[in-house]
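Observations on the three-dimensional arrangement
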Amino acid sequence: MADRIDQRIQKFQPQVNRHVYEVIRNDVIALARASEPRSISDARRAMTMLNGFVSSVYTNVGGDLTADALLRPSVIIRYLNTDTLHIRYVSRFDIARFLGTLTERLTGRQVMRLAPPPSTRSKPYTNAELGKLVSWAGSMNSELQARNAWALLALGAGCGLTAAEIASCRRSDVELIDGIWWVNVSGERARRVPARRQWASALELACDHSEEYLFHGYRLDEYPPRMIQSFVSDHPAEVRLSPPAAALWLDRRSDRQWRSAHLHRCPRRAGERLVT
């Protein structure tokens, strides 16, 4: 796979300004390799973003095109505020996140990030919509796809986890205590949450494997939940499935009632917070 990824990097050809690319090609390739793509699609994405960035710097500023000279906050911000204004905000956000992560990894410099794009959905899913999503999960063509779909629904609808929390959830984080499934959530809002009973079987299906993570996919250092976005895009449902956010999955009042009714049944660990 590593050889195929590198071949993709070397064979990349931009759609426009190919004469410029011939000049900056080696610099773009060096940065793409440094980003350590783990799939062919990641390599293509890195080359596309880096070619746009480096060609802009070369055309408008010139000078040194080494990583140290290119990956500076002032250079990146200038590029984002000039040559990317014509593209969709979500694409600008993705470019800023990619360049910022690469800069921090290679140079240690902190780059200002753009605010995440707003969600296109503002109301929780109805029971009818969740029923359609269950049918969607059951229609997957492979065992791996089905596991990912059940993990997405069980952790999102069943536990109210965000996309980032779903991406980082491990099998070892899930426990069965006195007939109730519990998920130990890590990250900035570390907590322990009970799974709603109607999603217990989905959570069991999501855990029925020997891999480390419940959701399988390539985890980008810049944004691990991107694999969830890719999965949702590759397997569209009848109901628009936005990248999971707790506010979209659960009716907050009924959710609090469910959690309050079961928190006393789970032993608290030292320093641990149980969500209410």
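Preceding this paragraph is the structure being described.
Computed from a prediction, not measured in an experiment: that's the story for all the values here.

**Some points on the overall build of the protein**
On a plain count of helices and strands, the protein comes out with 13 helices and three strands. The burial tally for the protein puts 47% of its 276 residues in the buried class. Within the protein, contacts between residues separated by at least 24 positions form 64% of all contacts whose residues are at least 6 apart in sequence. Here the protein displays about 14400 Å² of accessible surface, and carbon together with sulfur accounts for 50% of that area.

**Let's talk about the sheet that holds strand β2 (residues 180-185)**
The strand order β1-β2-β3 describes an open sheet built from three strands, whose pairing is antiparallel. The sheet is open, and its two edges are formed by β1 (174-177) and β3 (191-194), each paired on a single side. Ignoring which end each strand starts from, the neighbouring axes of this sheet average 30 degrees apart. Bridge analysis of β2 against β3 gives four bridges, and the strand direction is antiparallel. The residue of β3 that forms the bridge with Val183 is Val193. The strands that helix α10 (residues 200-207) touches are β1 and β2; relative to β2, the one it contacts most, it runs at about 60 degrees.

**Section: the packing of helix α1 (residues 2-11) against helix α3 (residues 40-60)**
Relative to each other, α1 and α3 sit at 25 degrees, their axes nearing to 9 Å. The angle between α1 and α3 places the two elements in the roughly parallel class. For the pair α1 and α3, the sense of crossing is right-handed. Residues Arg4, Ile5, Arg8 and Ile9 of α1 touch α3, and the partners they reach there are Ile40, Ala43, Arg44 and Met47. Its residues assigned to classes, the contact of α1 with α3 shows five nonpolar, no polar and three charged.

**Here's the deal with the nonpolar core**
In terms of nonpolar packing, the biggest core is built from 41 residues, with Trp136, Val183, Leu203, Leu214 and Ile228 touching the most fellow members. For this core, the secondary structure elements donating two or more residues are α7 (127-138), α8 (143-156), α9 (163-167), β2, α10 and α11 (226-234). For this core, the leading source of residues is α8, giving eight residues. Excluding anything up to four places from it in sequence, Trp136 contacts Ala149, Leu152, Leu153, Phe231, His235, Pro236, Ala237 and Leu241. Membership of the second largest hydrophobic core comes to 34 residues, among which are Ile24, Val54, Ile95 and Phe98.

**Details of the packing of aromatic side chains**
Tallied over the entire structure, the rule returns four aromatic pairs. With a centroid separation of 5.6 Å and an interplanar angle of 75 degrees, the aromatic rings of Phe12 and Tyr21 are classed as edge-to-face. By the burial criterion, Phe12 is buried, and Tyr21 matches it. Measuring from centroid to centroid gives 6.1 Å for Trp136 and Phe231, while their planes differ by 70 degrees, and the two rings are edge-to-face. On the criterion of sequence distance, the pair formed by Trp136 in helix α7 and Phe231 in helix α11 is long-range, its members being 95 residues apart. Accessibility assignment for this pair places Trp136 and Phe231 in one class, buried. Here the aromatic residues Trp136, Phe215 and Phe231 are joined through ring pairs into a cluster of three or more.

Scoring rules and cut-offs
- Residues numbered from 1 in each chain as written.
- Predicted model: local features only at pLDDT ≥ 70, side-chain atom pairs only at ≥ 80, totals over all residues.
- Heavy atoms only, no water.
- Helix = DSSP H or I, 4+ residues; strand = E, 2+ residues; numbered from the N terminus.
- Buried < 20%, exposed > 50% of the residue type's maximum accessible area, 1.4 Å probe, protein only.
- Contact = heavy atoms within 4.5 Å.
- Areas by Shrake-Rupley, 256 points an atom, 1.4 Å probe, with all protein chains shown as cover.
- Pairing = 2+ DSSP bridges.
- Axes fitted to C-alpha atoms, helices over the stretch in contact; angles between N-to-C directions.
- Parallel < 35°, antiparallel > 145°, perpendicular 65-115°, else oblique.
- Left-handed = near helix turned anticlockwise from the far one by under 90°.
- Nonpolar A, V, L, I, M, F, W, Y, C, P; charged D, E, K, R; others polar.
- Core = buried A, V, L, I, M, F, W, Y, C linked by side-chain atoms within 4.5 Å.
- Phe/Tyr/Trp six-rings, centres within 6.5 Å; stacked < 30°, edge-to-face > 60°.

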